[in-house]
Amino acid sequence: MKEKPFCLPDDNYDTLPSPRQQKEKILKENLPFWDKLTAQDLELIYNHSTLVKFHKGLRIHAGDENCVGVIIITKGALSTSLLSDEGREIVLFKLYKGDICVLSSSCIMEPITFDVNIEVDEDMEGLVINSDAYKKLCDSNVYVDCFTYKLVAENFSSVMWAIHQILFMRFDKRLAVFLVDEAARTGSNIINLTHEQIAKYTGSAREVVSRMLKRFAEDNIVNLSRGEIQIVNKRALLDIIDM
């Protein structure tokens, strides 16, 4: 039986056939430093990368556990969150197709001293570059190193924005921002998320989300049904955001 390359539950992910041509296509399309890689660098990546499919709900990184590697997302989504001792989870940012997750390889980044959880939000496919191999790239190629720390800085900026919203933004405004952003991302005014999921994404409690959505519904801003929210007055949401 072939040994799987990650210390994750076997029934929650699959490794896929990994022809060199397919790896090359993904790397070319997603790595801005592609043309700065040497032949030796390329061999290192090809030999230490795997095409994968991660299933929804899989926690691929938790604190200092499961240093999976650098993930290039070609389909689906990941969410990065903080988890309190009491079990409260706050989503800091999400990553989608075309994004690169480096915090899943935080074990090789000495300046990263805080623990985050990374979970599969939607069934995800992508390319995973082994952590040790990626560290060798960073140590030997300044372009890879600079790109990695630029990405970490962008992630930190997203974290600060999430904290700013939670600490300083009224919840009606925060919820309006979330609904407008989600509609723009999906290209639909129908949002297929539960109140519990929205609470997780907005750093609030389910009861608070339900109460505010009920108020929005009473004001004819949204229609509510089980597991679904329909935006019927986007202008009103934008007015709340601008208040």
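What counts and what doesn't
Residues numbered from 1 in each chain as written. Predicted model: local features only at pLDDT ≥ 70, side-chain atom pairs only at ≥ 80, totals over all residues. Heavy atoms only, no water. Salt bridge = Lys/Arg side-chain N within 4 Å of Asp/Glu carboxyl O. Helix = DSSP H or I, 4+ residues; strand = E, 2+ residues; numbered from the N terminus. Buried < 20%, exposed > 50% of the residue type's maximum accessible area, 1.4 Å probe, protein only. Contact = heavy atoms within 4.5 Å. Pairing = 2+ DSSP bridges. Axes fitted to C-alpha atoms, helices over the stretch in contact; angles between N-to-C directions.

Q: Even after reading the chapter, I still don't get the pattern of salt bridges, so can you show me in this structure?
A: For side chains of opposite charge, pairing can occur when their charged atoms come near one another. One pass over the structure, following the stated rule, counts 16 salt bridges. Of the charged contacts, one joins Arg 185 and Glu 122 as a salt bridge, the two residues approaching to 3.5 Å between their closest N and O atoms. Linking Arg 185 in helix 5 (residues 171-186) with Glu 122 in strand 7 (residues 117-129), this pair joins segments that are 63 residues apart in sequence. Under the relative-accessibility criterion, Arg 185 is labelled partly exposed at 35%.

Q: I'm lost on the environment of Ile 108 in this one. Help?
A: Tracing the backbone through its elements, the reader meets Ile 108 in the loop between strand 6 (100-101) and strand 7. For Ile 108, a relative accessible area of 14% translates into the label buried. Put simply, Ile 108 and Gly 69 are 39 residues apart on the chain and 9.2 Å apart in space, counted from C-alpha to C-alpha. If sequence neighbours within four positions are ignored, Ile 108 has contacts with Ser 131, Tyr 134 and Lys 135.

Q: It is not clear to me how the sheet that holds strand 8 (residues 190-191) should be interpreted in this structure. Could you clarify?
A: Backbone hydrogen bonds hold the strands of a sheet together, and the pairing may be parallel or antiparallel. The strand order across the open sheet formed by three strands is 8-10-9, and the pairing between neighbours is antiparallel. Lying at the two open borders of the sheet, with one neighbouring strand each, are strand 8 and strand 9 (222-225). In the sheet, strand 9 pairs with strand 10 (residues 228-231) via four bridges, with the strands oriented antiparallel. Bridging from a neighbouring strand, Asn 223 pairs with Gln 230 of strand 10. Those strands touched by helix 7 (residues 206-218) are strand 9 and strand 10, and its axis lies near 125° from that of strand 9.

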